[in-house]
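Here are the chains, one letter per residue:
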Amino acid sequence: MEYYLQLVINGLVVGSIYALVALGFVVIYKATKVVNFAQGELVMVGAYACFSLTVEMQLPFLLSFLMTLGFSVVLGLAIERLVLRPMIGEPIISVVMVTIGLSSILKSLVQMFWGTQIQVYPQVLPQEPYFVMGVPVAPVYIAAFVLSALLFAIFSVFFKYSRLGVAMRATALDQCAAASMGIGIKSIFALSWCIAAVVSSVGGVILGNINGINAQLGHLGLKVFPAVILGGLDSLLGAALGGIVIGVLENVCDGAAKQLLGLGGFKEVAAFIVLVIILMVKPYGFFGTKQIERV
Amino acid sequence: MDMLRVENLEVVYNEVVLVLKGLSLTAAAGQITALLGANGAGKSTTLKAISGLLAGENGKITEGAVLLEDRPVHGLPPDKIVRSGIFQVMEGRRVFEDLTVEENLRCGAFTRPRAELVPSLERVYDYFPRLAERRKQLAGFMSGGEQQMLAIGRAMMARPKLLLLDEPSLGLAPLLVEDIFTIIKRLNANEGVTILLVEQNARAALNIASHGYIMENGRIVLEGEAQAMLQNPDVQEFYLGMSHGGEKKRYRDVKHYRRRKRWLG
Ligand SMILES: Nc1ncnc2c1ncn2[C@@H]1O[C@H](COP(=O)(O)OP(=O)(O)O)[C@@H](O)[C@H]1O
Ligand SMILES: [Mg+2]
């Protein structure tokens, strides 16, 4: 029993990171209708930026974390301005191909500068575990979960109450009508890439603190697809739940497969199997907008 | 004084289709000007050319000028045009269906200082008590008439000098149509906002307007004082649905009117 509880807790933590990255994905998709295949690479770049600042430049962790956030804002703006904006008005498939290209470029850049070796962050939190329902949990796990939840809360408030947040939702619903309100559509696109880069880099930094990082970190982006498809491509709440569900399910299924069947490596496929089953029942995910034919 | 002057406007869609062919009109400050014409004449295109929304539809101004209080605004992006004081209520209302009534209104105030928000909301709720009752409701669940009120309220939030209304009565029940025109008239009288009103419902539009234009096929074919237009037998026949016997003709076929008008004027 404790074994499974441990798996659930690990799943919650990993899932909260998936949820963060999924949040970034959904924000871009909602505002710009672009399916961003470089979401995982944004995680990787953020993780390496923070690594570089703390380990190679020896800055205090908190400072380098804040600088990483700033760097992500600039990265998001640059990507939108240089890569996506020239594609406005092009067929959606071309735009998607461009994001795939972007993911390769980001990955190559990281390998060029930092190689393919695994790199570890210095320990910033104490090692001494807390006990949750009798199960030992590392403080870094708790911090990861709390930080993700906090970011989600901040963005929920932002989208619900702030002027820009409401404008982003309006733009997602009807671009032309939003433009007629005097909302600068291009700024909204840029802002959505900024948000995506920031939340992803936070996810990357958390992962770096838990597992260390290497150039394969971008594969995390693949996990985001089951999460967002499960939640519904355009729902923030869906992204949160989808991420958590996928994180927990893959850990529990993997653990069960190991213990009961002696099968290893189930983790990678568990999420997709669950996804297929759920989509058969709910084709638009839990919270996705149904496509309604209007005349 | 003219609030708006449109001079010799030419608009092309998709680089090839010429839709406006040298259109000129003016809207006097503080007045309602009606722009009438059949479906496909280019009325919406004219409004979008003024508000800058053409760009989003791959349309382009290739000739001519749009002047707001003598300052050129053509070629500016739509957000700059809204900031300069022009606000368009698009055809079909276009409320944000998954936002609440109040969130929709806040979108209208996007370009305004924050301090204005609460007084602006109160002003809109004063005009439209219905919107106040439903402030927390999703706009998509409201009736067509309420959505039109919301669309106009949203425009008021931007406090424009010039309001462009594209067929506000479209698809509304007759009783509501009357309400909407009353509201437009009241808005103009109380707030002093200049209005350029595009309508298919020519009679109702001319009844509240001081000046009218009729366009056909991308050009203005007739203009005049609203009251005079209402009395004009050709206008009555072609746009007010009054039969004077005889088959249906297009205005183009009765060019003589233009000459007659010139003599009279
Ligand atoms: N986005 C567009 N692309 C190409 N042609 C358009 C577009 N919008 C309108 N048109 C054409 O321009 C003409 C005028 O349309 P519009 O301005 O909507 O007329 P109205 O509002 O008077 O009904 C029509 O022939 C229409 O087919
Ligand atoms: Mg029209």
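Note that the coordinates shown come from a computational prediction; the quantities given were computed from them, not determined experimentally. (Residues numbered from 1 in each chain as written. Chains lettered and ligands numbered in written order. Predicted model: local features only at pLDDT ≥ 70, side-chain atom pairs only at ≥ 80, totals over all residues. Heavy atoms only, no water.)

K.L.:
What should I look at first to understand the site of ligand 1 in this one?
P.N.:
Residue and element names in this part refer to chain B. Around ligand 1, the structure places Tyr 13, Asn 14, Val 19, Ala 38, Asn 39, Gly 40, Ala 41, Gly 42, Lys 43, Ser 44, Thr 45 and Glu 57. Taking Glu 57, its side chain carries an N or O atom lying 3.1 Å from a nitrogen atom of ligand 1. The leading source of residues in the shell around ligand 1 is helix H1 (residues 43–51), at three residues. For the shell around ligand 1, the class distribution of residues is four nonpolar, six polar and two charged. (Near = heavy atom within 4 Å. Polar contact = N/O pair within 3.5 Å; in protein donor to acceptor, adjacent residues only side chain to side chain. Helix = DSSP H or I, 4+ residues; strand = E, 2+ residues; numbered from the N terminus. Nonpolar A, V, L, I, M, F, W, Y, C, P; charged D, E, K, R; others polar.)

K.L.:
Is there a simple way to explain the nonpolar core in this structure?
P.N.:
Note on soluble globular proteins: their nonpolar side chains tend to be buried together. Of all hydrophobic cores here, the largest spans 135 residues; its most connected members are Phe128(B), Leu163(B), Ile184(B) and Leu197(B). When residues in this core are grouped by element, the largest group, 14 residues, is from helix H1 (residues 2–32) of chain A. Aside from chain neighbours lying at most four places away, what touches Phe128(B) is Met149(B), Ile152(B), Gly153(B), Met156(B) and Ile183(B). The next biggest cluster of nonpolar side chains, apart from the first, holds 29 residues, and it includes Leu20(B), Ile86(B), Leu164(B) and Leu196(B). (Core = buried A, V, L, I, M, F, W, Y, C linked by side-chain atoms within 4.5 Å. Buried < 20%, exposed > 50% of the residue type's maximum accessible area, 1.4 Å probe, protein only. Contact = heavy atoms within 4.5 Å.)

K.L.:
So what exactly am I meant to see when it comes to the coordination of the magnesium ion (ligand 2) here?
P.N.:
Ideal geometry at a metal centre gives angles of 109.5 degrees when four donors are arranged tetrahedrally and 90 or 180 degrees when six donors are arranged octahedrally. Residue and element names in this part refer to chain B. Here the magnesium ion (ligand 2) is held by Ser 44 (OG) and Glu 91 (OE), and the distances to it run 2.0 to 2.2 Å. One end of the pair, Ser 44, is in helix H1; the other, Glu 91, is in the loop between strand S6 (86–89) and helix H3 (101–108), with 47 residues separating them in the sequence. Exposure remark for Ser 44: the relative accessible area of 17% places this residue in the buried category. What makes Glu 91 partly exposed here is its relative accessible area of 34%. (Donors = N, O, S within 2.8 Å, 3.2 Å for Na, K, Ca; no water.)

K.L.:
Explain the sheet that holds strand S5 (residues 71–72) of chain B to me, please; I cannot follow it from the model alone.
P.N.:
Picture the strands of a sheet paired through backbone hydrogen bonds; they go either parallel or antiparallel. Residue and element names in this part refer to chain B. What the four strands build is an open sheet, ordered S2-S1-S4-S5; its pairing is antiparallel. At either end of the open sheet lies a strand with only one pairing partner, and these are strand S2 (17–28) and S5. Packing against the sheet, H1 makes contact with strand S1 (2–13), S2 and strand S4 (59–68), and its axis sits at approximately 110° to S1. (Pairing = 2+ DSSP bridges. Axes fitted to C-alpha atoms, helices over the stretch in contact; angles between N-to-C directions.)

K.L.:
What am I meant to see in the pairing of S2(B) here?
P.N.:
Side-chain positions along a regular strand alternate between the two faces of the sheet. Residues and elements named next belong to chain B. The pairing of S1 with S2 spans nine bridges and is classified as antiparallel. The residue bridging Val 6 from the neighbouring strand is Leu 25, located in S2. If you look at the hairpin formed by S1 and S2, you'll find three residues sitting between the two strands, and Asn 14 has a positive phi there, around 50°.

K.L.:
Any chance you could explain the packing of helix H9 (residues 220–231) of chain A against helix H11 (residues 267–281) of chain A here in plain terms?
P.N.:
The axes of two packed helices give the description: the angle between them and the distance between them. All names here are of chain A. Orientation of H9 relative to H11, taken along the N-to-C sense of each, is 20°, at an axis distance of 10 Å. Here H11 runs roughly parallel to H9, going by the angle between their axes. Classified by chirality, the crossing of H11 by H9 is left-handed. For the pair H9 and H11, the contacting residues are Leu 222, Lys 223, Pro 226, Ile 229 and Leu 230 in the first and Glu 268, Ala 271, Phe 272, Leu 275, Ile 278 and Leu 279 in the second. Residue classes in the contact of H9 with H11 are distributed as nine nonpolar, no polar and two charged. (Parallel < 35°, antiparallel > 145°, perpendicular 65-115°, else oblique. Left-handed = near helix turned anticlockwise from the far one by under 90°.)

K.L.:
I tried to follow the interface of chain B and chain A on my own but got confused; where do I start?
P.N.:
Accessible area lost when the parts come together is the quantity often used to give the size of an interface. Every contact between the two is made by 24 residues of chain B and, on the other side, 21 residues of chain A. Roughly 2,000 Å² is buried in total at the junction of chain B and chain A, and carbon and sulfur atoms are behind 62% of that figure. Of all residues in chain B, the largest losses of buried area upon contact with chain A belong to Phe96(B), Arg106(B) and Phe110(B), amounting jointly to 31% of the total for that side. Counting across the interface, chain B meets chain A through three salt bridges. Between Asp174(A) and Arg94(B) there is a salt bridge, with the nearest N and O atoms lying 2.7 Å from each other. Where chain B meets chain A, there are six residue pairs in polar contact (both at pLDDT 80 or more). (Buried area = accessible area lost by both parts, 1.4 Å probe. Salt bridge = Lys/Arg side-chain N within 4 Å of Asp/Glu carboxyl O.)

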